[in-house]
Amino acid sequence: MAAANGPNKVEKRAGGIDGPTNPMVTPLLTDLYQFTMAYAYWKAGKHKERAVFDLYFRRNPFGGEYTVFAGLEECIKLIANFRFTEDEIAFIKTSLPSSCEAGFYDYLRGIDCSDVEIHAISEGYVVFPKIPLMRIEGPVAVVQLLETPLVNLINYASLVATNAARHRFVAGKSKLLLEFGLRRAQSPDEITEKSLRSCDGSKVCEDFVSLVQTWLNKLKWSQLLGGIFGETNQSELAAFVSYALAFPKNFLALVDTYDVMRSGVPNFCAVALALNDLGYKAVGIRLDSGDLAYLSCETRKFFQAIEKEFGVRDFGKTGITASNDLNEETLDALNKQGHEVDAFGIGTHLVTCYAQPALGVVFKLVEINNQPRIKLSEDVSKVSIPCKKRCYRLYGKEGYPLVDLMTGENEPPPKTLDFWNVDLLKTQLNEFCRHPFNESKRAYVVPQRVEELMKCFWPGRSGKKREELQPLNVIRERCIKQLDQMRPDHMRRLNPTPYKVSVSAKLYDFIHFLWLNEAPVGELQ
């Protein structure tokens with residue numbers, strides 16, 4: 001339904017929070033189903049009943065054992081500015097049955113999220129299945145209208161963030177991950193503006209093209225490089241020269257359009273050396289096809305030979321970037337083969353999440369009017385965990401997270417090792433963690449540190465302190481720290497160890513009590 005609103009909606013502000021970054025993110029970013037549900041609540045006089053929903057996912061993506069939580073800021077921006085315009089209400093009228101009463105549209109005109117309360121895990125955290133990423137509490141009809149936009153905003157952002165983290169893990173911390181492009185130009189004779197001022201501004205090279213040609217000839221007759229190449233492709237050379245004239249400080253060239261070692265690399269080096277004469281340092285080359293491991297190694301030898309023969313300092317360290325539909329598998333294969341690539345351009349497999357197109361975020365009712373609710377299913381993975389909960393991360397003595405623990409809202413928080421009298425540990429330890437549904441999976445946990453995961457990011461009228469949204473660089477550093485503190489066996493690409501998600505003994509008993517009460521009893525005849 002979002003298309004009906006279009007991109008021209010005026011951005012609003014509420015409580016100092018800007019509207020969503022994408023103008024298409026409005027209250028109409030939803031399904032018709034949500035409006036029919038809201039109408040049903042309104043028609044029955046139940047639209048103001050207080051409901052609590054958990055937003056979570058059931059399985060980690062890409063065959064891994066962790067997920068990076070992202071998208072929260074856009075959710076809060078939507079909630080802070082959630083109001084229907086007259087144009088939107090007019091569109092909703094055309095979409096719903098004509099039998100819908102006019103009073104419902106008056107109700108829509110008046111709603112906002114001032115009575116909604118949002119608790120969430122901080123953006124950039126490593127998260128796991130079943131743990132609520134967000135807890136949304138408020139009038140049931142309003143919260144129902146939030147389901148689709150919140151699921152969409154968290155689903156894609158968390159999936160791409162996780163995909164990026166996995167590519168970073170395989171590539172290693174020392175490699176750059178980026179996207180870029182270079183478009184080819186004409187022939188050298190067709191370049192009309194040939195002058196280039198030196199980097200320090202002290203002089204002007206009137207014919208940069210001739211300087212490049214001079215260097216190309218030197219390379220052709222080089223003692224160390226002689227015989228590697230002959231005549232290079234001149235349209236490729238012209239493209240490189242044009243790009244260097246336009247961006248002398250950011251010269252990076254795609255070298256596999258014709259022949260990497262016989263044309264692309266020599267042409268690049270000629271331009272890079274001419275730039276060096278004027279005080280500029282070329283960024284490097286990009287390989288987008290062929291045997292990336294072999295070509296990167298041969299290119300590195302070429303660069304090193306130039307540094308040795310012509311005395312150009314650090315030319316042997318010139319950057320080599322690889323692209324060509326890279327994914328986790330190809331990065332892992334390159335590492336095993338040995339390569340000289342400094343940076344990887346990740347495109348299609350990152351933004352489309354080719355390996356898994358959706359995270360599978362769900363939005364489930366867990367409480368209404370203070371009464372816990374559970375969703376039952378023959379598939380145990382789809383059974384929800386009822387009631388309003390608190391979530392903790394328990395850390396061991398080595399600093400690694402041991403387990404994420406869900407408790408009832410009013411249960412006391414887990415206690416750390418320092419709190420306990422060591423002599424009484426065996427008899428008084430209450431951190432008895434249980435798998436939500438598997439009776440035999442249970443463990444005593446003695447945490448060195450306990451961290452409560454969920455914070456209030458939108459207090460509504462509750463009077464609670466609102467957690468401030470952080471800038472992207474802070475979220476990024478938080479994410480890096482989170483990934484670094486995970487145990488390596490949880491992070492590995494192949495056969496990672498599952499991270500433990502558990503519930504307290506009291507919550508376990510309550511889940512199964514409610515399950516037995518709600519499940520129908522069969523009859524045999």
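Looking at an unreviewed UniProt entry, one finds the chain named Nicotinate phosphoribosyltransferase, with Sesamum latifolium as its source organism. Taken from UniProt, the Pathway (unreviewed entry) comment for the chain reads in full: "Cofactor biosynthesis; NAD(+) biosynthesis; nicotinate D-ribonucleotide from nicotinate: step 1/1." The UniProt entry for the chain carries the following text under Sequence similarities (unreviewed entry): "Belongs to the NAPRTase family."

S.K.: Give me the side chain of K389: which residues, what numbers.
M.R.: With respect to the element layout, K389 can be found in strand β17 (residues 389-395). You can call K389 buried: its relative accessible area is 2%. Separated by 2.6 Å, the side chains of K389 and D54 make a polar contact. Polar contacts involving the side chain of K389 include one to the main-chain carbonyl oxygen of C387, which spans 2.8 Å.

S.K.: Run through the packing of helix α6 (residues 208-220) against helix α7 (residues 234-246), naming residues and quoting values.
M.R.: The interhelical angle for the contact between α6 and α7, taken along N-to-C directions, is 125°, at an axis separation of 11 Å. Judged by the inter-axis angle, α6 sits oblique to α7. The way α6 lies across α7 gives a crossing that is right-handed. Only Q234, L237, V241, A244 and L245 of α7 make contact with α6, whose side of the interface consists of F208, V209, V212, Q213 and L216. By residue class, the composition of the contact of α6 with α7 is 8 nonpolar, 2 polar and no charged.

S.K.: Please provide a residue-by-residue account of helix α1 (residues 32-43), values included.
M.R.: In a regular helix each residue adds 1.5 Å, so 12 residues correspond to 16 Å; α1 covers 16 Å between its end C-alpha atoms and thus fits that length. Those residues of α1 not exposed but buried are Q34, F35, A38, Y39 and W42. Take α1 and look down its axis: the buried residues cluster within an arc of 140°, on one side only. G45 lies just past α1 and shows a positive phi near 75°.

Definitions and cut-offs
- Residues numbered from 1 in each chain as written.
- Predicted model: local features only at pLDDT ≥ 70, side-chain atom pairs only at ≥ 80, totals over all residues.
- Heavy atoms only, no water.
- UniProt positions renumbered as here; feature names shortened; annotations may be inferred.
- Helix = DSSP H or I, 4+ residues; strand = E, 2+ residues; numbered from the N terminus.
- Buried < 20%, exposed > 50% of the residue type's maximum accessible area, 1.4 Å probe, protein only.
- Polar contact = N/O pair within 3.5 Å; in protein donor to acceptor, adjacent residues only side chain to side chain.
- Axes fitted to C-alpha atoms, helices over the stretch in contact; angles between N-to-C directions.
- Parallel < 35°, antiparallel > 145°, perpendicular 65-115°, else oblique.
- Left-handed = near helix turned anticlockwise from the far one by under 90°.
- Contact = heavy atoms within 4.5 Å.
- Nonpolar A, V, L, I, M, F, W, Y, C, P; charged D, E, K, R; others polar.
- Expected span 1.5 Å × (residues − 1).
- Arc of directions from axis to C-beta.

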